[in-house]
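Listed below, chain by chain, are the residues.
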Amino acid sequence: MGLLLLLTSTLLSSYFLPGSVVNAQSLFSIRDITLSIEPRNDVTRDTNVTLRCKATVNFGSEALSRVYTIYKDSNTVYTKTSSTSEDLLYPLSEARVSNTGKYTCKINIEGKQITSRAKKLTVTGLSKPVLHLNKGVVTEGEEITAKCTAPGETGSFYFYFYEDSTDILDKQVNSNQAEAKLHFSSAGIHRIHCAYTVLITPDSFKSEESNTVTVSVKEHPVNAVLEILPQSKIYEGDQLFISCSVRNALHTFKSSHLYLSRGNQLLSRGDTKVNHSSVALAKDPGEFECRLEMGDVVKFDTKTISVTELFAVPTLTMSPAEVFQREYMTLTCKSESSASEKLDREELTYTLDPPGSRLISKGTGIFSGSAFLYDFNYTCVAQAKGIVKHSETLTVRPKVPVSTPKISVVGSAVLGQPFQILCQSDNGSLPINYTLLKGFDQLSTTIVKQPFQHALFTLSINKPDEISKFMCEAKNRNKEAPLSKRLNATVIVPLTHPILTVIPDLPDISEGDDLFLICGVKGSPPVTFKWYRVGNEQPLYTTTSNKNNTDYQVHSLSKEHSGVYYCEAVNHANNVSSDHVTIEVRLALWKKVLIGGFCLLAVSVLVVVCVLCFRSKRGKSTEAAAELSVKPASPKSDDSLTVTLTHDTEVYNAATVRVGGAAVSVWSERPPEEANDEESSMVSNEPDVEYTEVVHPRPVDPARVPLRKGTDTVYSELQNSPHGAADHHDYQGSVEYAELNSEQPEINSYGLEVNNHQDLPVPVD
């Protein structure tokens, strides 16, 4: 005892020595973990497979507790705790298909864990199933047990049981075997086999078929018996007697049921015997069945009978095939065949249904009368020996006679361009034939077969009055067709010959005037007129008129209105433009007068200035002429003085005056004189010029010599011949001036008195 206490004390003292750490955390690091499948990932059945989980861990000198977990498809299949660093091995001996799946490995050390990547194992090959039956020979309705086994397989299974390759039962279990209770309802040899499927989510693997087991099923002595009378040829209307009963009934069956049916129609039911009677009809199914059910045992007996028609189903026809409202029609009801050996023709009667059809019977199966205004359904009823048969329903649809058609133009009719004419009747059964006529000549025919179809005709005309020659004819039966009225429509004549007229005339357009631009065309109104000025895209004015011309007025013209104008006309057929007209707005009249006045005033001022200037120059010339001495000079004996008036005769004649009742011309020849030496010495080659002033009374006819009022002065330029002889032909360019005084001139006995004049010489016009 003392020794034990000493040992305990020693251990405790060594455990609690100073400097020691209790439950100190170990130092380690999990670097990686991998999972591998040996010998390979894809193997066959019965192969030994090993899953190797290898973890790489860094740690100190102390051993670590490692917890390994193997997962298959996220479900835990194996767990092991190890303190060594060796790999974890998970063996799968004799692998099965159920081992197929995705595997992962996880390691956990002191709460730190890491999981490997998934690896998939695939195992192929299933064992052959084995089928076993508890009995090999049974009677109808007797139960047997079938057992199907999948040797050596594991997992979740679906088992299938087959009878002669027909699947008769399925069963799902979690073990490798399944049992099924089977019943056989018919006698004979039955072959049974099975198969199974291993369920591996999400896949499944099916095995091969098992061995086949043969079952011999003996017929049950109990039978169903079906009897039908009469057994000979059966006609419609004959009475049928049918019985369904059980033969060799056994008391071993506590419950049995009989069912009598014809086709799918159940006629009667009972326990031991069933009877049924009916009238034979050709339209009814001819197959009867007597069925006996005793638990899982089913017995049945079937018979088929043939019923001969007493008469055929009647047919109802109409004549004519198409009938119009209120027209006469005939309906005929007739059976194509009948059993003459069983039925007389007089026994077969026909009637119409419904009775109120208003058709009168004209004989056996013949009914006549007028068609209704609406659709009506007729049915023929044939009857004999209690057998009634109805024909198929005949629907009589009386056709509506076509009404008088209407003719119209679609859109508008433009002269020379294609347009469409529509022919249409408000009433009438389809199809309807529409014919377009011009006058009474047929142009074209269109058949309207659909409700929304239209009879359209495309044509063109060259004269407006042609439009009224068109008519339309509608026809839907073999009778006279109604005719429409003549087409009444407006023909649009395209616009032509556009003319822009300007008032006032172009040369007379002045500022302040009112301008009228009249646009006229030939064609059908209404016409939309537009006036344009070149340079402006928008019209100056737009108006619509029912006339072929209209005007655009511009008030109070100014120079800004000058430009090039034109007009455009538009109707429903086309649009045309006139030629361009250039308009120039001239100055107003008062401006012209004002400018003319200013011009005249300027000219007058200029003339006055010129006259004043001219007079100023003439005054200076007169003063110079006054210094000249005008007196008679005697020419030399060989000189002659020629006096020439270079102006017209009237002026020359006007220079003739009367002295003492005798006419004396102021243009006279000087008497020849002897020239003195002094004068001779002064003779030069230039002709001598002398000015003579002659005063004479005013002429009687002032119109012949228009002289100014007051004193008129005429200056004569006298040229002396250098040779002293008067030669009129040598001096044609001489100029003579004469000043005529309106006062009575003074004349001395020797000649004219010469007076000096201070004015400048003025040429006589």
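Residues numbered from 1 in each chain as written. Predicted model: local features only at pLDDT ≥ 70, side-chain atom pairs only at ≥ 80, totals over all residues. Heavy atoms only, no water.

### Observations regarding the pairing of strand β12 (residues 143-149)
Side chains on a regular strand alternate between the two faces of the sheet.
Here is step 1 of the chain: Of all 7 residues that make up β12, 5 are buried, and the element is covered over most of its length.
Here is step 2 of the chain: Relative to β12, strand β10 (residues 130-133) runs antiparallel, the two sharing 4 bridges. Bridge pairing in β12 links V130 to T149.
Here is step 3 of the chain: Relative to strand β15 (residues 177-183), β12 is paired through 7 bridges, and the arrangement is antiparallel. Within β15, the position partnered with T145 by the bridge is K181. (Buried < 20%, exposed > 50% of the residue type's maximum accessible area, 1.4 Å probe, protein only. Helix = DSSP H or I, 4+ residues; strand = E, 2+ residues; numbered from the N terminus. Pairing = 2+ DSSP bridges.)

### Quick word on the packing of aromatic side chains
Here is step 1 of the chain: With the rule as written, the count across this model stands at 13 aromatic pairs.
Here is step 2 of the chain: On the numbers, 5.3 Å between centres and 10° between planes, the contact of Y532 with Y566 is stacked. In this pair, Y532 sits in strand β46 (residues 527-533) while Y566 sits in strand β49 (residues 563-570), placing the two residues 34 residues apart along the sequence.
Here is step 3 of the chain: Y532 sits in the buried class, given a relative accessible area of 10%.
Here is step 4 of the chain: Here the aromatic cluster, defined as three or more aromatic residues joined through ring pairs, consists of F372, Y374, F376 and Y378.
Here is step 5 of the chain: Just above the ring of F311 sits the side chain of K389; from NZ or CZ to the centre is 5.0 Å. (Phe/Tyr/Trp six-rings, centres within 6.5 Å; stacked < 30°, edge-to-face > 60°. Lys NZ or Arg CZ within 6 Å of the ring centre and 35° of its normal.)

### Regarding the sheet that holds strand β23 (residues 265-270)
Here is step 1 of the chain: Here we have 4 strands laid out as an open sheet, ordered β23-β22-β25-β26, and antiparallel in their pairing. In this open sheet, the two strands that pair with only one neighbour each are β23 and β26 (297-304). In this sheet, adjacent strand axes meet at a mean angle of 15° when their direction is disregarded.
Here is step 2 of the chain: As defined by bridge partners, strand β22 (residues 257-262) adjoins strand β25 (residues 287-294) across 6 bridges and the pair is classed as antiparallel. The partner of L260 across the bridge, within β25, is C290. (Axes fitted to C-alpha atoms, helices over the stretch in contact; angles between N-to-C directions.)

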